[in-house]
Amino acid sequence: YGVFTISFKSDQEAEKVRQVLLKENNFKYTTFIRNKHFLSVGLTTALKGKSLVRVAKHFKIKPSQVLAIGDSQNDEEMLNGNFGFIPAAPSNAEERIKTLVKANCGYVASQPNGIGVVEIVTLLLTD
């Protein structure tokens with residue numbers, strides 16, 4: 001789907017390659033996601049937020065009725081508030097993601113991983 005990931009020995013190496021790729025015209029319509037020692041490069045049309053928008057439109061669901069749950073940098077686009085989704089994260093999410101979710105009036109669970117997802121869904125269903 002237009003995404004590739006490269007593994008590096010360090011974040012510094014991944015950042016050097018990202019900077020080089022940013023200067024290339026062939027990568028003009030891409031988004032770079034650094035997650036630990038990986039650099040993922042993907043077409044902006046293949047990212048989670050835009051993909052979730054397409055799914056919601058297909059099923060005629062308003063963005064304000066879509067729950068977007070994420071825990072790492074590759075989830076930022078769907079949690080940043082630009083699409084109007086309800087953002088949420090489990091407690092083990094990266095600090096940057098938890099801050100982003102809170103800044104967009106979302107919910108950060110007190111539990112990690114799947115248990116945190118159950119907590120989020122249960123909370124929202126009882127509201």
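Located above this text is the structure these notes cover.
Residues numbered from 1 in each chain as written. Predicted model: local features only at pLDDT ≥ 70, side-chain atom pairs only at ≥ 80, totals over all residues. Heavy atoms only, no water.

Draft legend 1. Spotlight on the packing of aromatic side chains. As enumerated under the stated definition, the model contains one aromatic pair in all. On the numbers, 5.6 Å between centres and 25 degrees between planes, the contact of Phe83 with Phe85 is stacked. A relative accessible area of 23% places Phe83 in the partly exposed class. We classify Phe85 as buried; its relative accessible area is 7%. (Phe/Tyr/Trp six-rings, centres within 6.5 Å; stacked < 30°, edge-to-face > 60°. Buried < 20%, exposed > 50% of the residue type's maximum accessible area, 1.4 Å probe, protein only.)

Draft legend 2. Looking closely at the pairing of strand β5 (residues 86-89). Here strand β4 (residues 67-69) pairs with β5 via three bridges, running parallel. Its bridge partner lying in β5, Ile69 is registered against Ala88. Once you follow β5 into helix α4 (residues 95-103) and on to strand β6 (residues 107-108), the crossover reads as right-handed. (Pairing = 2+ DSSP bridges. Helix = DSSP H or I, 4+ residues; strand = E, 2+ residues; numbered from the N terminus. Right-handed = clockwise from strand over helix to strand, strands pointing away.)

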